[in-house]
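For reference, the chains in residue letters:
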Amino acid sequence: MSVFFFTAFFMVLLLCAFLCLYRLQQGPTAPDRTVAIDVLGTLVVGFCALYALRTGKEFYLNIGIAWALLSFVGTIALAKYLEGKAFDE
Amino acid sequence: MSEVGYLLIAVGVLFDVFGTLGLVRLPDVYNRLQAATKCVTLGTCFILIGAAVCGPSIGFAVRAILCAIFVLLTSPVGAHALARGSHLGGVKLWEGSVVDRYEEDAEKVRQATGSPGETGRPEAE
């Protein structure tokens, strides 16, 4: 029963990830692609939590936390870059 | 207990679907930003809380809650930085948009100081 639930959750999250990838490939401007990357990072955190729950290996949750941190730093850096300014300003 | 966790995870996954659907369907970068960021942040937090509820141990639950709080704190900050960056970078609003408060504030500052202002940055002195 729970295996069925987890398979359904993984399938739906994969569908979400593919929608993000569609926007990443299609997006007319650079900020669109950045938004898609940001959302994809947040999705992967949820995916890691589900995977930790499914397999019982708890360190996948640590991977999720690290992924959230890296995604945040990357988004801030890309936003600064989109602004058209140098990083040290 | 685990049924409650599955229910929370299902709600979170549903919110993720709506958020990414908005990311694909909405017309310009600001609309996409608000739909995608709000829905996906809430959805991922629901998934993490559900994982904490039906998780195997207390340590797992604590880490999941910590991760949820972290996502809840950082995701809006990133979204605001992105919106500000794309506005200053010169991305136009969708033609159906009716209000642009950021541009109005920049205009007010420009009239008050009499300077054209470099990029419409409102805090420019």
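Residues numbered from 1 in each chain as written. Chains lettered and ligands numbered in written order. Predicted model: local features only at pLDDT ≥ 70, side-chain atom pairs only at ≥ 80, totals over all residues.

1. Comments concerning the overall build of chain A
Broken down by element type, chain A carries three helices and zero strands. Ordered by position from the N terminus, the helices and strands of chain A form the series α-α-α. Computed over its C-alpha atoms, the radius of gyration of chain A comes to 16 Å, more than 25% above the 12 Å expected for a compact globule of 89 residues. Each principal axis of the C-alpha atoms in chain A carries an extent, and together these give about 55 × 30 × 10 Å. (Helix = DSSP H or I, 4+ residues; strand = E, 2+ residues; numbered from the N terminus. Rg over C-alpha atoms; globule rule 2.2 N^0.38 Å.)

2. Focus on the overall build of chain B
A tally of regular secondary structure across chain B gives four helices and zero strands. For 125 residues, the compact-globule estimate of 2.2 N^0.38 gives 14 Å, and chain B exceeds it by more than 25% at 20 Å. Overall, the C-alpha framework of chain B stretches about 65 × 30 × 15 Å when taken along its three principal axes. Within chain B, the proportion of its 125 residues that are buried is 37%. Contacts spanning at least 24 positions in sequence make up 56% of the contacts within chain B whose residues lie at least 6 apart. (Buried ≥ 20, exposed ≤ 12 C-beta atoms within 10 Å, placed from the backbone. Contact = placed C-beta atoms within 7 Å.)

3. Quick notes on the domain arrangement of chain B
What the domain assignment reports for chain B is domain 1 (2-92) and domain 2 (95-125). Relative to domain 2 of chain B, the C-alpha centre of domain 1 of chain B lies at a distance of 31 Å. (Domains from an automatic or database assignment.)

4. Details of the environment of E3(B)
All names here are of chain B. Assignment of secondary structure puts E3 in helix α1 (residues 2-25). The exposure class assigned to E3 is exposed, which follows from the 9 C-beta atoms found within 10 Å. A sequence separation of 51 residues divides E3 from C54, and the C-alpha atoms of the two residues are 8.0 Å apart.

5. Quick look at the packing of helix α1 (residues 2-26) of chain A against α1(B)
Packed helices, taken two at a time, are described by the angle their axes make and the gap between the axes. Between α1(A) and α1(B), whose axes approach to 9 Å, the crossing angle comes to 20°. Taken as axis vectors, α1(A) and α1(B) run roughly parallel relative to one another. When the axes of α1(A) and α1(B) are compared, the crossing they make is left-handed. The residues of α1(B) that touch α1(A), namely those facing F5(A), F9(A), V12(A), L13(A), C16(A), L19(A), C20(A), Y22(A) and R23(A), are Y6(B), I9(B), V13(B), D16(B), V17(B), T20(B), L21(B), L23(B) and V24(B). (Axes fitted to C-alpha atoms, helices over the stretch in contact; angles between N-to-C directions. Parallel < 35°, antiparallel > 145°, perpendicular 65-115°, else oblique. Left-handed = near helix turned anticlockwise from the far one by under 90°.)

6. A look at the interface of chain B and chain A
Contacts between chain B and chain A engage 40 residues on the former and 39 residues on the latter. Among the elements of the structure, α1, α2 (29-53) and α3 (58-88) of chain B are those that each provide at least two residues to the side of chain B that touches chain A. It is α3(B) that provides the largest number of residues to the side of chain B that touches chain A, a total of 14 residues. For the side of chain B that touches chain A, the class distribution of residues is 24 nonpolar, 13 polar and three charged. (Nonpolar A, V, L, I, M, F, W, Y, C, P; charged D, E, K, R; others polar.)

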